[in-house]
Amino acid sequence: MPEINGARLIADLRRLAEFGKYKTGVHRPTYTTEDMAARRWLMDRMAEAGLEPAIDGIGTVLGRTKSRGPRLLLGSHVETQPYSGWLDGAMGVLYGLEIARAFAADKTTAGLGIEVGAWADEEGHYLSLLGSRSFCGEVTEQQLDATRNAQTGKSLREALAEAGLAGKPRERLDPKRYVGYLEAHVEQGDTLDSGGLKLGIVTGIVGIQTYTLTFHGQQNHAGTTRMAVRKDAGVALVKFSNMIEERFPKVVGPRSVWTTGRITLDPGAPSVIPGKAEMLFQFRDVEPERLMLLERTLEQMVAEANARGPCRVELKLVSRTAPHAMDKGFQDALEAAAERHAPKLHTRLPSAAGHDAQTFARHIPAGMLFVPSIAGVSHHYSEDTSEDDIVLGCQAFADAAAAILKKAA
Ligand SMILES: [Zn+2]
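Bear in mind the structure is a predicted one, so any value in this text is a computation, not a measurement.

A.B. asks: Sorry if this is basic, but what is going on with the overall build of the protein chain here?
C.D. replies: Secondary structure summary: the protein chain contains 12 helices and 17 strands in total. By the compact-globule yardstick of 22 Å for 409 residues, the protein chain fits well, its C-alpha radius of gyration being 24 Å. By principal-axis analysis of the C-alpha atoms, the protein chain measures approximately 85 × 50 × 40 Å. Expressed as a percentage of its 409 residues, the buried residues of the protein chain come to 52%. Pairs at least 24 apart in sequence give 79% of the contacts found in the protein chain among residues at least 6 apart. Element-wise, carbon and sulfur atoms account for 51% of the exposed surface of the protein chain, whose accessible area totals about 17,500 Å².

Right under this line is the structure:
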């Protein structure tokens, strides 16, 4: 089995974290000066590793192998959320780089192809999973024209031009080129850390459904309107929210999660009864049937609330992503490697966060491996994983990749 160099991997991770360093984390939004510098640094490391690096018209960095044998594509992303962690995305990309080096140095794997991708804007500063979706042929030029930065409003075209990427062609996936796609990532939850586990084999990536619930009441004077005749949209919203907390636990699966991310009262003044109230509501699960059941439950609650009055409730779907199962054979290979390197200290689990692997799962076999996030913290500069766990994860990931490629050869 190829042996990874743990010290070299950690040194590269620490170096990459210097681009946009913020406290103990990183602030490196897509296409910023720091982000583009990080991409160029990555291309230099790929070239040193014997890969042929390229950056495409959307900022994705791809390191191609010259090997003609069966190939695996490994990757993740290098941009970060604002003021966020040093491992989210970066670790998966640098695992790919380290494994490409380890494979090239080992006689038993030298003929096996490892290619590495850093998919642009997975974090969705402009469009979630932009790089992987573009690579898989799921994003049109018209969509690119219409896309703007969610925070600043800057157009994607303008950002690409500033980054020197305008007019460059976009790389496209050739499904026949690869045995499949593998991605390693920090868990970002606390299942592994709280369970004293070292590795997580991802069974699938959750589907996410987001809704707005709008409550229509009657705006009026907060002093002169008798309680009995009020149509208070704020009260209707709070009652509905309580009903969710009562009903959902009866229909959810063991890992379903649901969140009210925003509540607004209109007009939102101390002496005015809210005439309108709105909540942004989201749930996630890995099973399609469970998602359907949760949606039916929500619809039923809306019907009941409308029958009861006095406020009218409106339910609108904002977005829906389907859950994506990871390849069974890849799960088995990852689990066998996990058992070799961390006997009994691994588990299978769904990913509650979105990842580039969900895009690839629609086109080629895909698999994911998690390492523990200390205290389950992510999307914050304090995000961390012990160096021992990072190195262990990379060695197990390398073994799984070797097993998958040897089987294909
Ligand atoms: Zn990530």
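A.B. asks: Honestly, the layout of surface pockets in this entry has me stumped. Any pointers?
C.D. replies: Over the atoms a probe the size of a water molecule is rolled, and this reveals where empty space is left. Within this model, the largest pocket holds a volume of roughly 860 Å³. Among the secondary structure elements, those contributing two or more residues to the lining of the largest pocket are strand E9 (207-216), strand E13 (276-285) and strand E14 (312-321). When residues in the lining of the largest pocket are grouped by element, the largest group, three residues, is from E14. Among the residues making up the lining of the largest pocket, the classes are represented as nine nonpolar, 16 polar and six charged. In this structure, the second largest pocket occupies an estimated 290 Å³ of space. As for the second largest pocket, its lining consists of 14 residues, of which Val235, Ala236, Lys239, Gly309 and Pro310 are closest to the centre. Counting residues per element, the ones that place at least two in the lining of the second largest pocket are helix H8 (233-251) and helix H9 (288-308). At four residues, the largest contribution of residues to the lining of the second largest pocket is made by H8. Per-class residue counts for the lining of the second largest pocket are nine nonpolar, one polar and four charged.

A.B. asks: Explanation requested: the coordination of the zinc ion in the structure shown.
C.D. replies: Under ideal tetrahedral coordination, the four donors around a metal are separated by 109.5 degrees; under ideal octahedral coordination, the six donors are separated by 90 or 180 degrees. The coordination sphere of the zinc ion, as far as protein atoms go, consists of His77 (NE2), Asp88 (OD) and His185 (NE2), spread over 2.0 to 2.2 Å. Sequence spacing of the donors to the zinc ion: H-x10-D-x96-H. With Asp88 in the loop between strand E5 (71-76) and helix H3 (90-105) and His185 in strand E7 (residues 180-186), this residue pair connects regions lying 97 residues apart in the sequence. This pair shows no difference in class: Asp88 is buried, exactly as His185 is.

Thresholds, definitions, all that
- Residues numbered from 1 in each chain as written.
- Predicted model: local features only at pLDDT ≥ 70, side-chain atom pairs only at ≥ 80, totals over all residues.
- Heavy atoms only, no water.
- Helix = DSSP H or I, 4+ residues; strand = E, 2+ residues; numbered from the N terminus.
- Rg over C-alpha atoms; globule rule 2.2 N^0.38 Å.
- Buried < 20%, exposed > 50% of the residue type's maximum accessible area, 1.4 Å probe, protein only.
- Contact = heavy atoms within 4.5 Å.
- Areas by Shrake-Rupley, 256 points an atom, 1.4 Å probe, with all protein chains shown as cover.
- 1 Å grid on protein atoms, 1.4 Å probe; cavity = no way out; pocket = protein on both sides within 12 Å on 5 of 7 lines; lining within 4 Å.
- Points joined across faces, edges and corners; volume = space filled by probe spheres on them.
- Nonpolar A, V, L, I, M, F, W, Y, C, P; charged D, E, K, R; others polar.
- Donors = N, O, S within 2.8 Å, 3.2 Å for Na, K, Ca; no water.

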